[in-house]
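# Chain and residue survey
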Amino acid sequence: QVQLVESGGGLVQAGGSLRLSCAASGRIFSTHRAAWFRQAPGKEREFVAAITPSGSTNYTDSVKGRFAISPDNAKNTVVLQMYSLKPEDTAAYYCAASERATWLPRAAREDYQYWGGGTQVTVSS
């Protein structure tokens, strides 16, 4: 069973940066698609970014040019580097992984079988 644990969340001022990490229980990111989603209070969980084992990426429009997803296979982690943070980026951020159709950086929640417990990101104005 794959287990995912997020870390790196916190409180940051608008315009600042944060680096989120997703640690896996095994060396899965060389074979599994990985993604980050986020959920703000009262809103649906939404897609942020995805990466395939081959390195293909996909980003939601609102974070393009500001966020970057990348693997660190040596550490069994996937990183979400976030720059130029805005108050509207405030949310709980969740890591997800899938062993299905791994060649596609899919954005739908139902395409991911494994989820972490989330890490909170708060951006103050």
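Our subject is the structure that appears above.
Residues numbered from 1 in each chain as written. Predicted model: local features only at pLDDT ≥ 70, side-chain atom pairs only at ≥ 80, totals over all residues. Heavy atoms only, no water.

### A closer look at the nonpolar core
For soluble globular proteins, the rule of thumb is that nonpolar side chains tend to be buried together. Core analysis: the biggest nonpolar cluster contains 30 residues, and Leu4, Phe29, Trp36, Leu80, Met82 and Tyr93 have the highest contact counts within it. Elements with a contribution of two residues or more to this core: strand E3 (18-24), strand E4 (33-39), strand E5 (46-51), strand E7 (67-72), strand E8 (77-82), strand E9 (91-98) and strand E11 (119-124). Excluding residues within four positions of it along the chain, Leu80 makes contact with Leu18, Arg19, Leu20, Trp36, Val48, Ala49, Phe67, Ala68, Ile69 and Tyr93. Ala35, Phe37, Phe47 and Tyr112 belong to the second largest nonpolar core, which has six residues in total. (Core = buried A, V, L, I, M, F, W, Y, C linked by side-chain atoms within 4.5 Å. Buried < 20%, exposed > 50% of the residue type's maximum accessible area, 1.4 Å probe, protein only. Helix = DSSP H or I, 4+ residues; strand = E, 2+ residues; numbered from the N terminus. Contact = heavy atoms within 4.5 Å.)

### Remarks on the state of the cysteines
If you walk through the whole model with that rule in mind, you get one disulfide. Covalently, Cys22 is tied to Cys95 through a disulfide, its sulfur atoms 2.0 Å apart. In this structure, the disulfide formed by Cys22 and Cys95 twists by about -75 degrees around the S-S bond and is classed as left-handed. With Cys22 in strand E3 and Cys95 in strand E9, the pair connects residues that are 73 residues apart, well separated along the chain. Relative accessible area serves as the criterion here: at 0%, Cys22 is assigned to the buried category. Judged by its relative accessible area of 0%, Cys95 is buried. (Disulfide = S-S within 2.5 Å.)

### A word on the sheet that holds strand E1 (residues 4-7)
Across the sheet, which stays open at both edges, the four strands sit in the order E1-E3-E8-E7 with antiparallel pairing between neighbours. The sheet terminates laterally at E1 and E7, the two strands that pair on one side only. Across the sheet, the axes of successive neighbouring strands diverge by a mean angle of 15 degrees, strand direction being ignored. Relative to E8, E3 is paired through six bridges, and the arrangement is antiparallel. Its bridge partner lying in E8, Arg19 is registered against Gln81. (Pairing = 2+ DSSP bridges. Axes fitted to C-alpha atoms, helices over the stretch in contact; angles between N-to-C directions.)

### Side note on the environment of Val121
If you trace the backbone, Val121 turns up in strand E11. Excluding residues within four positions of it along the chain, Val121 makes contact with Gly9, Gly10, Leu18, Leu20, Met82, Asp89, Thr90, Ala91 and Tyr93.

### Examining the packing of aromatic side chains
For the structure shown, the criterion picks out four aromatic pairs. Taking the centre distance of 5.5 Å and the plane angle of 75 degrees together, the rings of Phe37 and Tyr112 count as edge-to-face. In this pair, Phe37 is assigned in strand E4 and Tyr112 in the loop between E9 and strand E10 (114-115), connecting sequence segments 75 residues apart. Each member of the pair, Phe37 as well as Tyr112, carries the same accessibility label: buried. Seen in terms of ring centroids, Tyr112 and Trp115 are 6.5 Å apart; in terms of plane orientation they differ by 70 degrees. Their pairing is edge-to-face. Site record: aromatic cluster; members linked through ring pairs are Phe37, Phe47, Tyr112 and Trp115. The ring of Tyr94 is capped by Arg45, whose NZ or CZ atom sits 3.6 Å from the centre of that ring. (Phe/Tyr/Trp six-rings, centres within 6.5 Å; stacked < 30°, edge-to-face > 60°. Lys NZ or Arg CZ within 6 Å of the ring centre and 35° of its normal.)

### Some points on the pattern of salt bridges
In total, this model carries six salt bridges according to the counting rule given. Where Glu44 meets Arg109, a salt bridge forms, and the shortest distance between an N and an O atom there is 3.4 Å. Separated by 65 residues along the polypeptide, Glu44 in the loop between E4 and E5 and Arg109 in the loop between E9 and E10 bring together distant segments of the chain. Taking the relative accessible area as the measure of exposure, Glu44 reaches 58% and is therefore exposed. The exposure class of Arg109 is partly exposed, given its relative accessible area of 38%. Residue Asp111 is joined to Arg106 by a salt bridge in which the shortest nitrogen-to-oxygen separation is 3.7 Å. Accessibility expressed as a relative area gives 32% for Arg106, which makes it partly exposed. (Salt bridge = Lys/Arg side-chain N within 4 Å of Asp/Glu carboxyl O.)

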